[in-house]
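Below, each chain spelled out in residue letters.
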Amino acid sequence: MLFYFPDSQDQIDPTFDMEREEHPPFHVRQRDDRYAHEALTLRAYDGMLVSKAMVDGVGGSSGRYTVPQRHRLYRQGAHRFFRLEASEGPPLITLGDCGAFTYVDEPVPPVTPDEVIDFYDGCGFDAGISPDHVILAHQSDLEPTLPGTDDVDPMWKERQAITLELAGEFLTRHAARGCTFEPVGAAQGWSPSSMASCVEQLQQMGYRRVALGGMVPLKNPQILEVLEAVDAVRLPETQLHLLGLTRVEHMHDFARFGVTSFDSTSPFFRAFKDDTDNYFTADRRYTAIRIPPVDGNAKVKRAIKSGKIDHDVAHQAEQRCLRLVRAYADRQIEMDEVLEALAEYHAMWDGRVRTDRYIETLRDRPWETCQCGICAEVDVEVVLFRGTERNKRRGFHNVAMFAQTLRDKLQEGH
Ligand SMILES: [Zn+2]
């Protein structure tokens, strides 16, 4: 089972000064920064998924690459640009996709198969997914027998027809242009049987690897229902990729149904988008300690502006939290002292009490035993919910822990 980590142009600056919260002068983004596979000592993923929408911008989105970065990616190729050889073990592989969610609201995809091939071929990807049009709807095949639920929206059918037409053209142009990257057919459907029919048609075109899209909102039983239907038409040699899915508990079932790879940004983004479960370990999830910078947090700024709190008082409370949490990590003070300081600062801007969760994080000191390579280096800073350099480090750590959980799950029962 291969795990691809989608590139979101998120790197960390290894020279960032945690005490002074400063980048060194002359720091150059991306060049001096580190990707997760460079920052972690544990191998966290097998490959990177890179989206055309992220690099080139698609359908009105501008992408997240600067013009010079984009030119360098095309000039150097993905392997050199992402410094994939820096990782220990077998070289990381690359998979390209269109980023169909960026144009989900458009009537037709604003990309041609040739433009997509220009991207995959131009950047030297190992594999690339045919352009598709996402269908954001799902109904069980059982439901159409119920009165009033037998409608299939004509738009869903049209989107699938567009997806198949583009897949056909993509394969023809791939052959005509003599491309060497592995073509992966994108499948879209609104039910188990419609997804199976899409996969069947992609196989008839000649695809032997198919990416199943639009499944992120589905519940586990629905995903398994789709995979079961697909499995009934799947040729033995056809391999499946699950786009954007992280359901570790079902990886064995997925493998049984021909899934050989998947991708997800979820473990990374949980580090700063999940309110409570934002620091992973192999067996549980902890809550990172929020110490937002007074001058960099919208809530704190609002409280100051409205006169609810005084800037200098808030700043002192924030600095006190930082000082005490570091002193606790160094075993110089008791936990209660930190908790009191945190409660005092939280009361100023948020009022939410997370003390029970903070007690667990502080008591267990999970950063001390973590082998990911980041925690040992920055110590307690990794569990501080505060600013991008710390949050991304925790995100990378989470990706490594996710990979560990995945490996453990896959080994169970073998
Ligand atoms: Zn770690």
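Residues numbered from 1 in each chain as written. Predicted model: local features only at pLDDT ≥ 70, side-chain atom pairs only at ≥ 80, totals over all residues. Heavy atoms only, no water.

What follows is about the overall build of the chain. On a plain count of helices and strands, the chain comes out with 17 helices and 12 strands. Taking 2.2 N^0.38 as the reference for a compact globule, 414 residues should give roughly 22 Å; the C-alpha atoms of the chain span a radius of gyration of 24 Å, in line with that estimate. Considering only C-alpha atoms, the chain reaches an extent of 70 × 55 × 50 Å along its principal axes. Evaluated residue by residue, the chain yields a buried proportion of 53% over its 414 residues. Considering only residue pairs separated by 6 or more positions, the chain has 72% of its internal contacts joining residues 24 or more positions apart. Side-chain charges of the chain comprise 48 positive and 65 negative groups, with the mean position of each set lying 4 Å from the other. (Helix = DSSP H or I, 4+ residues; strand = E, 2+ residues; numbered from the N terminus. Rg over C-alpha atoms; globule rule 2.2 N^0.38 Å. Buried < 20%, exposed > 50% of the residue type's maximum accessible area, 1.4 Å probe, protein only. Contact = heavy atoms within 4.5 Å. Lys, Arg positive; Asp, Glu negative; His and termini not counted. Charge placed at Lys NZ, Arg CZ, Asp CG, Glu CD.)

To continue, consider the pattern of salt bridges. Between side chains of opposite charge, a pair can form when the charged atoms approach closely. Counting across every chain of the model gives 34 salt bridges. Between Arg70 and Asp56 there is a salt bridge, with the nearest N and O atoms lying 2.6 Å from each other. You can see Arg70 sitting in helix H3 (residues 67–76) and its partner Asp56 sitting in helix H2 (residues 52–56), a full 14 residues away along the chain. Two residues, Lys409 and Glu412, come together in a salt bridge whose shortest N-O distance is 4.0 Å. (Salt bridge = Lys/Arg side-chain N within 4 Å of Asp/Glu carboxyl O.)

Looking now at the packing of aromatic side chains. Aromatic ring pairs are defined here through the distance separating the ring centres and the angle between the ring planes. Inspection of the entire model under this criterion finds 21 aromatic pairs. For the ring pair Phe5 and Phe268, a centre distance of 5.9 Å and an interplane angle of 75° mean the geometry is edge-to-face. Residue Phe5 is found in strand E1 (residues 2–6), and its partner Phe268 is found in helix H10 (residues 266–273); the two are separated by 263 residues along the sequence. Across the pair, exposure class does not vary: Phe5 and Phe268 are buried alike. Their ring planes at 75° and their centres at 6.2 Å tell us that Phe262 and Phe402 sit as a pair that is edge-to-face. Of this pair, Phe262 sits in strand E8 (residues 259–263) while Phe402 is found in helix H17 (residues 387–411), placing the two residues 140 residues apart along the sequence. Comparing Phe262 with Phe402, the two get one shared label, buried. (Phe/Tyr/Trp six-rings, centres within 6.5 Å; stacked < 30°, edge-to-face > 60°.)

On to the environment of Arg354. Locating Arg354 in the fold gives a position in the loop between helix H13 (335–349) and helix H14 (355–364). For Arg354, a relative accessible area of 6% translates into the label buried. Beyond its immediate stretch of four places on either side in the chain, Arg354 contacts Asp275, Thr287, Arg290 and His346. Here Asp275 takes part through its side chain, which lies 3.3 Å from a polar atom of the side chain of Arg354. (Polar contact = N/O pair within 3.5 Å; in protein donor to acceptor, adjacent residues only side chain to side chain.)

In ideal tetrahedral geometry, four donors around a metal make angles of 109.5 degrees, whereas ideal octahedral geometry with six donors gives angles of 90 or 180 degrees. Coordination of the zinc ion by the protein is provided by Cys370 (SG), Cys372 (SG), Cys375 (SG) and His397 (ND1), with metal-donor distances spanning 2.1 to 2.3 Å. With four donor atoms in place around the zinc ion and angles of 101 to 115° between them, the coordination shape is tetrahedral. Along the chain, the residues donating to the zinc ion fall in the pattern C-x1-C-x2-C-x21-H. One end of the pair, Cys370, is in the loop between helix H15 (366–369) and helix H16 (375–378); the other, His397, is in helix H17, with 27 residues separating them in the sequence. A residue is classified by how much of its surface remains accessible, and Cys370, at 11% relative accessible area, is buried. Overall, His397 belongs to the buried group, its relative accessible area being 0%. (Donors = N, O, S within 2.8 Å, 3.2 Å for Na, K, Ca; no water. Tetrahedral: all angles 85-135°; square planar, octahedral: opposite > 155°, others 65-115°.)

Moving on to H10. Listing the buried residues of H10 in full gives Pro267, Phe268 and Ala271. Projected down its long axis, H10 shows its buried positions confined to an angular sector of 115°, all on one face. (Arc of directions from axis to C-beta.)

On to the side chain of Gln9. Turning to its location among the elements, Gln9 is positioned in the loop between E1 and helix H1 (36–39). On the basis of relative accessible area, Gln9 is assigned to the buried category, the value being 3%. A polar atom in the side chain of Gln9 sits 2.9 Å from the side chain of Gln11. Only 2.9 Å separates the side chain of Gln9 from the side chain of Gln69, close enough to count as a polar contact.

The next point concerns the nonpolar core. Tyr45, Phe82, Tyr120, Leu212, Met215, Leu227 and Leu242 are the most contacted members of the largest nonpolar core, which has 96 residues in total. Each of domain 1 (46–263) and domain 2 (275–404) contributes no fewer than three residues to this core. Look past the residues within four positions of Leu242 in its chain and what remains in contact with it is Leu212, Met215, Leu227, Phe254, Val259, Ser261, Phe262 and Asp263. Counting residues in each nonpolar core, the second largest holds 26 residues, with Ala317, Leu322, Met335 and Tyr345 among its members. (Core = buried A, V, L, I, M, F, W, Y, C linked by side-chain atoms within 4.5 Å. Domains from an automatic or database assignment.)

The subject of this paragraph is the domain arrangement of the chain. The assigned domain composition of the chain is domain 1 (46–263) and domain 2 (275–404). Between domain 1 and domain 2, the C-alpha centre-to-centre distance is 37 Å.

What the eight strands build is a closed barrel, ordered E1-E2-E3-E4-E5-E6-E7-E8; its pairing is parallel. On average, each strand axis in the sheet is tilted by 25° relative to the strand beside it, whichever way the strands run. Where strand E3 (residues 93–97) meets strand E4 (residues 127–129), two bridges bridge the pair, whose relative direction is parallel. Looking at E4, one finds that Gly96 is bridged to Gly128. Contacting E1 and E8, H17 runs over the sheet at an angle of about 165° to E1. (Pairing = 2+ DSSP bridges. Axes fitted to C-alpha atoms, helices over the stretch in contact; angles between N-to-C directions.)

Moving on, we come to the layout of surface pockets. Size it by volume and the largest pocket reaches roughly 1000 Å³. Residue lining of the largest pocket: 46 residues in total, with Pro6, Gly244, Asp263, Ser264 and Thr265 positioned closest to the centre. Counting only elements with at least two residues in the lining of the largest pocket, the list comes to strand E2 (47–51), H2, H10 and H17. Within the lining of the largest pocket, the residues separate by chemical class into 19 nonpolar, 16 polar and 11 charged. Computed from the structure, the second largest pocket encloses a volume of approximately 190 Å³. Around the second largest pocket, the lining comprises 14 residues; the ones closest to its centre are Arg290, Pro292, Asn297, Trp349 and Phe385. Within the lining of the second largest pocket, the residues separate by chemical class into five nonpolar, three polar and six charged. (1 Å grid on protein atoms, 1.4 Å probe; cavity = no way out; pocket = protein on both sides within 12 Å on 5 of 7 lines; lining within 4 Å. Points joined across faces, edges and corners; volume = space filled by probe spheres on them. Nonpolar A, V, L, I, M, F, W, Y, C, P; charged D, E, K, R; others polar.)

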